[in-house]
Amino acid sequence: MRRLYPLPDPAVPPGDAVTADREWTLDELADSYAYPAADDPVRAGRAGWLRANMVASLDGAAHHDGRSQPLSGAADMRIFGVLRGLADAVVVGAETVRQEGYRPARAREAFAARRAAAGQAQAPAIVIVSAGLGLDFTLPLFTAPLVPTVVLTGAGAPAGKVAAAQEAGADVLFAGEGLGVDPARVAGVLSGRGYRRLLTEGGPALLGQFAAAGALDEMCLSLAPVVAVGDAPRIMRGPAVPVPERFGLVSVLEEAGFLFTHYRRS
């Protein structure tokens, strides 16, 4: 892996550890992707900090045959693990949970000391965004998580489904007055439960809702050196925003033809 941006200081000699093409340690990746501190001016007025992590093919596909794994690679999975290792909670849409076969997040020794120092649980909570709560509550995601799974829905969600989720051990939170979730309220509701470092892994519909609501703070996009063709959606799907929102480039890493880009709202 090598860093393409930010550009190295001209005084750094070629082949230095900063510029050399080598395997980065998990600690180096964690430092590179660290969340902004609570007192960082970029966090002003934000209840939490919502980061997205997605992978896309060269032709813009967000998945192949319904799953993102065929677009991924070894370095992409390392960064995927690091981003989870830094997060308080992973926010994901119900359809993505079903398509990707989500399981509880696991504790990783590599991040144990860092998480303990930050006052975090041993693993991030999985937060499932769902209007109808059409979920299988017998799955390990509900029966065997290290941290209780959160179901995020609207106040108008079916009462029977809400009760079933709670009986399965899920923490049900409401972030909307109707059937579904108001994306602009998600960070505030989760922050109230102590989940401030947020990571969303989509899918495209949920990510599009966050972006359209102005709730997305960071975008970590892995560009895979593959062409998928087909009719897979882009990484975001939804109505066009009135004015495109600009994000600033934080960093670009490269390995095996993959580009790992990191953007932050301007």
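Structure shown above.
Predicted model, so just to flag it, every value in this text is computed and none were measured. (Residues numbered from 1 in each chain as written. Predicted model: local features only at pLDDT ≥ 70, side-chain atom pairs only at ≥ 80, totals over all residues. Heavy atoms only, no water.)

A.B. asks: Can you walk me through the pairing of strand 8 (residues 218–223) in this structure?
C.D. replies: Two faces make up the sheet, and in a regular strand the side chains alternate between them. As defined by bridge partners, strand 2 (residues 49–56) adjoins strand 8 across six bridges and the pair is classed as parallel. The residue bridging R51 from the neighbouring strand is E218, located in strand 8. In this structure, strand 8 lies alongside strand 10 (residues 258–265), joined through six bridges in antiparallel fashion. Note on strand 10: the bridge partner recorded for L223 is L259. (Pairing = 2+ DSSP bridges. Helix = DSSP H or I, 4+ residues; strand = E, 2+ residues; numbered from the N terminus.)

A.B. asks: How should I be thinking about unusual backbone geometry in this particular structure?
C.D. replies: A negative phi angle characterises most non-glycine residues, just as the trans form characterises most peptide bonds. A cis amide bond, omega 0°, links Y5 with the succeeding residue P6. Mapped onto the elements, P6 comes out in the loop between strand 1 (2–5) and helix 1 (26–32). That bond from G202 to G203 is cis: its omega, 5°, falls within 30 degrees of zero. Here G203 lies in the loop between strand 7 (197–200) and helix 8 (204–212). Of note, L133 is a non-glycine position whose phi angle comes to about 60°, a positive value.

A.B. asks: Would you take a moment to explain helix 2 (residues 74–86) for this structure?
C.D. replies: For an α-helix the count is 3.6 residues per turn, leaving residues at separations of three or four pointing the same way. End to end, helix 2 covers 19 Å across 13 residues, agreeing with the expected 18 Å (1.5 Å per residue, within 8%). Burial analysis of helix 2 places ten of its 13 residues in the buried class, which makes it a mostly covered element. Taken together, the buried positions of helix 2 are occupied by A75, D76, R78, I79, G81, V82, L83, R84, G85 and L86. (Expected span 1.5 Å × (residues − 1). Buried < 20%, exposed > 50% of the residue type's maximum accessible area, 1.4 Å probe, protein only.)

A.B. asks: Honestly, the packing of aromatic side chains in this entry has me stumped. Any pointers?
C.D. replies: Within a pair of aromatic rings, the relevant descriptors are the distance that separates the centres and the angle that separates the planes. Using the criterion set out here, one finds two aromatic pairs in the structure. Relative to F260, the ring of F258 has its centre 5.9 Å away and its plane inclined at 5°; by these criteria the two rings are stacked. When sorted by exposure, F258 lands in the same class as F260, which is buried. Above the ring of Y35, the side-chain terminus of R51 is found at 4.1 Å from the ring centroid. (Phe/Tyr/Trp six-rings, centres within 6.5 Å; stacked < 30°, edge-to-face > 60°. Lys NZ or Arg CZ within 6 Å of the ring centre and 35° of its normal.)

A.B. asks: Is there a simple way to explain the environment of G188 in this structure?
C.D. replies: Along the chain, the position of G188 falls in helix 7 (residues 186–192). Along the sequence, G188 and R67 sit 121 residues apart, while their C-alpha atoms lie 30 Å from each other.

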